[in-house]
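Below, each chain spelled out in residue letters.
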Amino acid sequence: MTEFRVRECMGTVISVELASGGSAALLDEVFAWFDEVDARFSTFKADSEVCRLDRGELALADASADLRLVLDRCADLWRETDGFFDGYATGRLDPSGFVKGWSVQVASDRLLAAGAADHCVNAGGDVRVRGQSPAGRPWRVGIRHPWNASASCHVVSGTDLAIATSGVYERGHHVVDPHTGRPATGLRSVTVVGPDLGTADAYATAALAMGSAGVRWLSGIAGYACVVVTDEGRKLSSSALSSVP
Amino acid sequence: MRRAVLAVAGLAAGTSLLVVVKGGAGAAPDTVAAANAGPTPSPSAAGAPDAADPSAPASKAPDAKKTTTAKPKSGRKNTAAAPPPAAPKSNKVVGPRVENPYGAVQVVLELDGNRIVNVRTLEMPDQEARSDQLSAQVESQLGDEAVREQGADLDTVSGATETSESYKESLRVAIDRMKKGERD
């Protein structure tokens, strides 16, 4: 019996589909986790742990294990991406670019451990799939077409994939190159596919901020593949990710 | 244009992992049309007829949709979806248009039965000037190797979404309406 639930949380829409081994109680647990993440990491909620830390009301030593883990990963990713992924890009602590993907990855790991081996979790376009879809085949994930919001431009299919997309199609070029302070141009949409969704999310954001150079940077990363659409309307994709018919 | 294309081709050629996917002969006009028309429902994603899409033209959005807030009563507690509606009229739900200092946001949920397969944001009038500029740029630089629309039988969609308060508000109302079985 397939279990499916969708809800607004963490400032976006989250859907969870359990194709096997699921239950309403398990869905309750997953969404309780997302509520916990929202309460702890929201930059919109003044009493969140992130906001209290940012205002200096909370000492790092007193922060939760999750927050310290997230800050550590953001620091690692800042180094890995030559500073193009920056948890302080907005002038204040804002780890959202990592937290959304990371929280979905944790949810998926917990679902697997709880026996729901076939599932799909999607939080605002960050997707983690495992096992098979209710149709009894690998999950089929579309990548949004940059110029047509209701169409896809590529299809990725698999039984164990994390898929994160960053794009500038909704507000034009608003992602700023942290080194120049100017909007990054060249890439319209960057999708990164690999084993870990938090990492994929951060890599996609970083590559978009790098502009055209981000394509070359992404291609040098082991374990992660990409689909990139340029401002000129060209699609570049890793050979490992040839679009599925 | 030629310089841009060559630059990208050079980049792709220099990285053996990457391949340039060439669009079919009919791909470019589709993409150009999509770029010019703004958000247009795609036949591949929308099975039902599409009588009242407020995105085209965006400036003629119904007045009823312009109210900034219509807060759902249920809030967080009632997480389970309502029983499926008997016979959904269409496969989408449109959220209200919510203003913010930079423009306005309005979301559309695209459904497969009671499942959300995509959430998209309608472009608003405030952004029209910039959209036109981008479209012209895209149009002038499209070649045979254009990105094209593809994909059927999708389980879900990966894409970038807004995280603004106005996005959340429009989304909240759209999901609330979906759970009540309403369709647009």
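In this text, all values refer to a predicted model and were calculated from it rather than measured experimentally.

The rules we used
- Residues numbered from 1 in each chain as written.
- Chains lettered and ligands numbered in written order.
- Predicted model: local features only at pLDDT ≥ 70, side-chain atom pairs only at ≥ 80, totals over all residues.
- Helix = DSSP H or I, 4+ residues; strand = E, 2+ residues; numbered from the N terminus.
- Buried ≥ 20, exposed ≤ 12 C-beta atoms within 10 Å, placed from the backbone.
- Contact = placed C-beta atoms within 7 Å.
- Pairing = 2+ DSSP bridges.
- Axes fitted to C-alpha atoms, helices over the stretch in contact; angles between N-to-C directions.
- Parallel < 35°, antiparallel > 145°, perpendicular 65-115°, else oblique.
- Left-handed = near helix turned anticlockwise from the far one by under 90°.
- Nonpolar A, V, L, I, M, F, W, Y, C, P; charged D, E, K, R; others polar.
- Core = buried A, V, L, I, M, F, W, Y, C linked by C-beta atoms within 7 Å.
- Expected span 1.5 Å × (residues − 1).
- Arc of directions from axis to C-beta.
- pLDDT = per-residue confidence, 0-100.

(A) Inspection of the overall build of chain B at higher detail. From N to C terminus, chain B includes 4 helices and 6 strands. The helix and strand sequence of chain B, counted from the amino end, reads α-β-α-β-β-β-β-α-β-α. Out of the 184 residues belonging to chain B, those deemed buried represent 39%. If you take every contact in chain B between residues at least 6 apart in sequence, the share linking residues at least 24 apart comes to 71%.

(B) Region of the structure containing the overall build of chain A. The number of helices and strands found in chain A is 6 helices and 10 strands. Sorting the 245 residues of chain A into buried and exposed places 54% on the buried side. The contacts of chain A with a sequence gap of at least 6 include a subset with a gap of at least 24, amounting to 57%.

(C) How the structure looks around the sheet that holds strand 6 (residues 148-158) of chain A. An order of 6(A)-5(A)-6(B) is seen for the 3 strands of this open sheet, with the pairing classed as mixed. Strands at the two margins of the open sheet, each flanked by one partner only, are strand 6 of chain A together with strand 6 (156-158) of chain B. Across the sheet, the axes of successive neighbouring strands diverge by a mean angle of 40°, strand direction being ignored. Looking at chain direction, strand 5 (residues 139-145) of chain A and strand 6 of chain B are connected through 3 bridges and run parallel. Bridge pairing in strand 6 of chain B links A:Gly142 to B:Val157.

(D) Broad picture of the packing of helix 4 (residues 96-113) of chain A against helix 5 (residues 197-210) of chain A. All names here are of chain A. Two elements in contact, helix 4 and helix 5, have axes separated by 6 Å at closest approach and are oriented at 155°. With respect to helix 5, the element helix 4 is oriented roughly antiparallel. Considering only the axes of helix 4 and helix 5, their crossing is right-handed. When helix 4 is examined against helix 5, the residues Gly-97, Phe-98, Lys-100, Gly-101, Trp-102, Val-104 and Gln-105 are found in contact with a partner set consisting of Leu-197, Gly-198, Ala-200, Asp-201, Ala-202 and Thr-205. Partitioning the contact of helix 4 with helix 5 into residue classes produces 6 nonpolar, 5 polar and 2 charged.

(E) Spatial organisation of the nonpolar core. Formed by 91 residues in total, the largest nonpolar core has its most connected members in A:Val192, A:Val193 and A:Ala200. For this core, the element with the most residues is helix 5 of chain A, which contributes 10 residues.

(F) Representation of the packing of helix 1 (residues 24-41) of chain A against helix 4 of chain A within the structure. Residues and elements named next belong to chain A. Viewed as axis vectors pointing N to C, helix 1 and helix 4 meet at an angle of 155°, and their least axial separation amounts to 10 Å. The orientation of helix 1 relative to helix 4 falls into the category roughly antiparallel. The chirality of how helix 1 crosses helix 4 is right-handed. Here Val-30, Trp-33, Phe-34, Val-37 and Phe-41 of helix 1 lie close against helix 4, whose contacting residues are Val-99, Ser-103, Val-106, Ala-107 and Leu-111. Here the residues of the contact of helix 1 with helix 4 sort into 9 nonpolar, 1 polar and no charged.

(G) Region of the structure containing helix 5 of chain A. Residue and element names in this part refer to chain A. An ideal rise of 1.5 Å per residue puts 20 Å on 14 residues; helix 5 measures up with 20 Å between its terminal C-alpha atoms. Among the 14 residues in helix 5, 14 count as buried, and that is most of the element. Just past helix 5, the residue Gly-211 takes up positive phi, approximately 75°.

(H) Here's a closer look at the pairing of strand 1 (residues 3-9) of chain A. Residue and element names in this part refer to chain A. Taken together, the 7 bridges between strand 1 and strand 2 (residues 12-18) define a ladder with antiparallel strand orientation. The partner of Glu-8 across the bridge, within strand 2, is Val-13. Where strand 1 folds back onto strand 2 in an antiparallel hairpin, the turn is made up of 2 residues, including Met-10, whose phi is positive at roughly 55°.

(I) Just the environment of B:Gly159, in detail. Relative to the elements of secondary structure, B:Gly159 occurs in the loop between strand 6 and helix 4 (165-179). Those residues in contact with B:Gly159, other than ones at most four positions away along the chain, are A:Gly125, A:Arg144, A:Thr165 and A:Gly167.

(J) Main features of helix 1 of chain A. All names here are of chain A. The first and last C-alpha atoms of helix 1 sit 26 Å apart over 18 residues, in line with the 26 Å expected at 1.5 Å per residue. If you check which residues of helix 1 are buried, you get Leu-27, Val-30, Phe-34, Val-37 and Phe-41. Seen along its axis, helix 1 keeps its buried residues to an arc of 80°; they face one direction. Of the exposed residues in helix 1, those oriented more than 90 degrees away from the buried face are Ala-24, Ala-25 and Ala-32. Close packing links the buried residues of helix 1 with strand 1, strand 2, helix 2 (49-54) and helix 4.

(K) Main features of the confidence of the model for chain B. Residue and element names in this part refer to chain B. Averaged over every residue, the pLDDT of chain B is 55; residues scoring 70 or more account for 33%. Mean pLDDT across the secondary structure elements of chain B bottoms out at helix 2 (residues 27-37), with 34, and peaks at strand 6, with 91. Overall, residues 1-79 carries pLDDT values under 50, and its contacts beyond four positions in sequence, including any with other chains, amount to 131 contacts. Across residues 125-145 the pLDDT falls below 50, and counting only partners more than four positions away or on other chains, this stretch makes 33 contacts in the model. Quick note on the complex model: pTM equals 0.67, ipTM equals 0.90.

(L) Seen up close, the pairing of strand 3 (residues 119-123) of chain A. Residues and elements named next belong to chain A. Among the 5 residues that make up strand 3, 5 are buried, leaving the element largely enclosed by the rest of the structure. Of the two faces of strand 3, both are covered, the one formed by His-119, Val-121 and Ala-123 as well as the one formed by Cys-120 and Asn-122. Of the strand pairs in this sheet, strand 2 and strand 3 are connected by 5 bridges, and their pairing is antiparallel. Across the sheet, Glu-17 pairs through a bridge with Cys-120, a residue of strand 3. Looking at chain direction, strand 3 and strand 4 (residues 126-130) are connected through 5 bridges and run antiparallel. Counterpart to His-119 in the pairing with strand 4 is Arg-130.

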